[in-house]
Structures are given as C-alpha cells and as structure tokens.
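# Tertiary structure, described
Listed here are the chains, written in short residue letters.
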Amino acid sequence: MELDDALIRVGIPRDLVKVLGVESRSDSQAGAFTRAFLNNNMRQDSRNDAKMLLAHKAVILDYCRPKKDKSKRKSRKAKGLNARQKRAMKVFHLKPEHQRYELFLPLHELWRQYVIDLCNGLSATCSPQFVQQKLLKADFHGAILTVVRSKCPSYVGATGILIQEFKHVFKIITKEDQLKVIPKKNSVFAVEINGFVSHIYGSKFEHRASERSAKKFKARGTIDL
C-alpha cells in the first residue's frame, strides 16, 4: 500500500512534460483542484460532506439528473371551457340566418350514408334487432326525427332534421325553418331509413351522444313514455 501511494503522488518526469503538455502541481494546488472537482460532480445533498469524502481513498461520482417541476407541466395543459363559460360565449347558439332547413339537407344525406354503412348495407335481409342495436349507439346528428307520442300534445307530429343533441333534449329544424327544442323525457321519436322505421323512447335515451356510444343497453321491453 505504501508503494502504491508513492507511485500515485510521484511527479511527472521532465521529459514527458513537453510531450503531454501538462505540469505537475504542488500539493496545495492538487488539493484545491480535487475539492473543486468533487463539489462540481457530487450530488447536491452531498456537497457539505466533501471534506469527509476526501479522507477516503475511493470516491464514486454519480450524475444526478435534476427533477422536473411537475407544477409547470400541469399549468401548460389547456383547460377546457366549463358549462357556464360555454353559455356565456353562446357556443351552441345557432344564429337566425343559419336556421334554414335546406342548409342541413346535405347533413341528412351524409347521415343516411353513415347509417347504411353502419348496418352493413341495410338490406332487406337485415333483422330489426340488428338494426336497433346499431342505432342505439349511432350518432343521430342529421337524422329526420318525428315525435309520434308525447305527454305534451303540442310536440306530437313535429318533424325535422336533428342538428343538436344534448343529454335531455333534441334540437330539430323543421321544413318551415323553425328551430324546436324537444325534451327526450316522456316522448317517443320515429326515425326512418330505407323503409326501416325505428322508435326511440326518449326517457331511456337520456345520454349524451359520446356517452351512448360506450354504454351497454339491456334488452327490456317498455310501453311507457
């Protein structure tokens, strides 16, 4: 051990100084360099122990990555609008000049093609149960709905293209360019596609379109509104 220490502390030979481009340092300079090197390369929580570590012969240097500030990461995420802000900004408000039936006819044609593709062509051989299961999770924006039954007689017979669906109401535009809000509860709606007529019980349909697509419906017969 004494021989090893002597070899470590020996100075660089003069004939190698010019070749290597380095010079031997004094004990004080070497000690100052060692302390500075350890302070710069040790973990933050171990800097105060540099003097103690210098007393040991083996020092393990480990690079510690700085921890990311999670609070800044959360603040960067975009926050959506709440219901009050949407009402104040009139996000779902339809301007009077846009309340025209003919403007939504292309949307209805797109919806018809969407349902036909959803039901594998909607041929005459398709069973009504198969079509019903597909329509339960389908998007009805663009469908022509007709109120066939309701506890409020003034709603019965109303027909129009569905332009907005909410959790509790349907918004339809009639051929007379009238925007009507029909509550789902206590109402039965009829929708016709290529000769198939399906009835929607609004009281069992009180879900948002996005929620309904992932909901599992149970096969239960019902005759109430």
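Just above sits the structure.
Glancing now at the side chain of E165. Inspection of the secondary structure assignment puts E165 in strand β2 (residues 159-165). Take E165: its relative accessible area is 9%, and that puts it in the buried class. There is a polar contact of 3.1 Å between the side chain of E165 and the side chain of K184. In contact with E165, not counting residues within four places along its chain, are F140, H141, F170, K184, F205, H207, A209 and R212.

For the coordinates displayed, the defined rule picks out three salt bridges. For the salt bridge of R112 with E109, the shortest nitrogen-to-oxygen distance reads 3.6 Å. Here the residue R112 and the residue E109 both occupy positions in helix α7 (residues 105-118), the gap between them amounting to three residues, near one helical turn. Residue E109 is classed as partly exposed on the basis of its relative accessible area, which comes to 45%. Between E165 and K184 there is a salt bridge, with the nearest N and O atoms lying 3.1 Å from each other.

Rules used throughout
Residues numbered from 1 in each chain as written. Predicted model: local features only at pLDDT ≥ 70, side-chain atom pairs only at ≥ 80, totals over all residues. Heavy atoms only, no water. Helix = DSSP H or I, 4+ residues; strand = E, 2+ residues; numbered from the N terminus. Buried < 20%, exposed > 50% of the residue type's maximum accessible area, 1.4 Å probe, protein only. Polar contact = N/O pair within 3.5 Å; in protein donor to acceptor, adjacent residues only side chain to side chain. Contact = heavy atoms within 4.5 Å. Salt bridge = Lys/Arg side-chain N within 4 Å of Asp/Glu carboxyl O.

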